[in-house]
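Each chain, written out:
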Amino acid sequence: MDEKGLYNAIDIAQYVINYSIEKGKPIRNLKLQKLMYYIQAAFLVEKNTPCFKESIINWRHGPVVKEVYDKYKDYVDDVIDDKQYGYYDLFLDKEKFKFKANFIEFHPEKISNDDKRVINEVVDSFIDFDAWTLVYRTLDEDPCKADSKKDEIISNESIKRYFEENKDRIYAGT
């Protein structure tokens, strides 16, 4: 299994946000985090590769991709109803000892049509679920059981192992 991941998690998050807006059902950051987890599971099981390279961390309210969480945490509990066109990447210019920002434009065409199909299938499966239902659902799954250690990385191997035996849960089955 390729551990690198096909895409950047922020790009996948922006795609999911835009897709949800287009469906007329914008989402909140909490729900976005759970969708990212199920998307990763779908790629691990169906394509034998991670969708994105960033780690998923087991937090109090279930799985979180910290880079994505940090990008959208200012929405607090509001829906993310702004179409996503890119993001700013902050970095330190070591020569000038200054922080700089680069705008990284979002290009949805970089995501293959087959990968979009998988992502859309996951999002469509959970589009009518509220975020808290997804929190409790994820906390009931082996990779992030409620009694698991918090603030630790959930390995792609544990996600794949669990969902290979429970594939229907990737698509809102029981």
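The structure presented is a predicted model; accordingly, all values stated were derived computationally and were not measured.

Peer 1: Honestly, the pairing of strand 1 (residues 56-59) in this entry has me stumped. Any pointers?
Peer 2: When strand 1 meets strand 5 (residues 152-154), the two strands line up antiparallel, connected through three bridges. Considered in strand 5, the bridge of Asn58 is made with Glu152. Two elements, strand 1 and strand 2 (residues 62-64), share three bridges in a ladder whose sense is antiparallel. Bridge pairing in strand 2 places Asn58 opposite Pro63. What sits between strand 1 and strand 2 in their antiparallel hairpin is a turn of two residues.

Peer 1: Which parts of the structure should I look at to understand a nonpolar patch on the surface?
Peer 2: Together, Tyr85, Tyr88 and Phe103 give the surface a local cluster of nonpolar side chains, amounting to about 400 Å² of exposed area. As for its placement among the helices and strands, Tyr85 is situated in the loop between helix 3 (66-72) and strand 3 (86-93). Tyr85 gets classed as exposed once you look at its relative accessible area, which sits at 54%.

Peer 1: Can you help me understand the environment of Tyr15 in this one?
Peer 2: Mapped onto the elements, Tyr15 comes out in helix 1 (residues 9-22). Under the relative-accessibility criterion, Tyr15 is labelled buried at 10%. Between the C-alpha atom of Tyr15 and that of Leu92, which follows or precedes it by 77 residues, the distance is 28 Å.

Peer 1: So what exactly am I meant to see when it comes to the pairing of strand 4 (residues 98-105) here?
Peer 2: Regular strands place their side chains on alternate faces of the sheet. For strand 3 and strand 4, the ladder comprises eight bridges, and the chain directions are antiparallel. Note that in strand 4 the partner of Asp93 across the bridge is Lys98. The loop that links strand 3 with its antiparallel partner strand 4 comprises four residues; one of these, Phe97, has a positive phi angle of about 50°.

Peer 1: What is the right way to read the sheet that holds strand 1 from this model?
Peer 2: Strand pairing in a sheet relies on backbone hydrogen bonds. The paired strands run either parallel or antiparallel. Within the open sheet, the three strands sit side by side as 2-1-5. Their pairing is antiparallel. Lying at the two open borders of the sheet, with one neighbouring strand each, are strand 2 and strand 5. Strand after strand, the sheet turns through a mean of 45° between neighbouring axes, direction not considered. In the packing of helix 2 (residues 29-46) onto the sheet, the strands contacted are strand 1 and strand 2, and the crossing angle to strand 2 comes to about 85°.

Peer 1: How should the packing of helix 2 against helix 6 (residues 156-165) be read in this particular structure?
Peer 2: For any two helices packed against each other, one specifies the inter-axial angle together with the distance between the axes. Two numbers describe how helix 2 lies on helix 6: the axes approach to 9 Å, and their chain directions differ by 75°. Viewed along their axes, helix 2 and helix 6 adopt a mutual orientation that is roughly perpendicular. Across the interface between the two elements, Tyr37, Tyr38, Gln40, Ala41, Leu44 and Val45 from helix 2 touch Asn156, Ile159, Lys160, Phe163 and Glu164 from helix 6. Across the contact of helix 2 with helix 6, the residue classes break down as seven nonpolar, two polar and two charged.

Peer 1: Before we go on, may I ask you to explain helix 2 in this structure?
Peer 2: At 3.6 residues per turn, the α-helix brings residues three or four places apart onto the same side. Taking 1.5 Å per residue, 18 residues should reach 26 Å; helix 2 reaches 25 Å between its end C-alpha atoms and fits that length. For helix 2, the buried fraction is high: 16 of the 18 residues fall into the buried class. Backbone geometry just after helix 2 places Asn48 at a positive phi near 60°.

Quick notes on the rules
Residues numbered from 1 in each chain as written. Predicted model: local features only at pLDDT ≥ 70, side-chain atom pairs only at ≥ 80, totals over all residues. Heavy atoms only, no water. Pairing = 2+ DSSP bridges. Helix = DSSP H or I, 4+ residues; strand = E, 2+ residues; numbered from the N terminus. Patch = residues over 30% accessible without salt bridge, like charges linked within 9 Å, V, L, I, M, F, W, Y side chains within 5 Å. Areas by Shrake-Rupley, 256 points an atom, 1.4 Å probe, with all protein chains shown as cover. Salt bridge = Lys/Arg side-chain N within 4 Å of Asp/Glu carboxyl O. Buried < 20%, exposed > 50% of the residue type's maximum accessible area, 1.4 Å probe, protein only. Axes fitted to C-alpha atoms, helices over the stretch in contact; angles between N-to-C directions. Contact = heavy atoms within 4.5 Å. Parallel < 35°, antiparallel > 145°, perpendicular 65-115°, else oblique. Nonpolar A, V, L, I, M, F, W, Y, C, P; charged D, E, K, R; others polar. Expected span 1.5 Å × (residues − 1).

These figures capture arrangement, not role.
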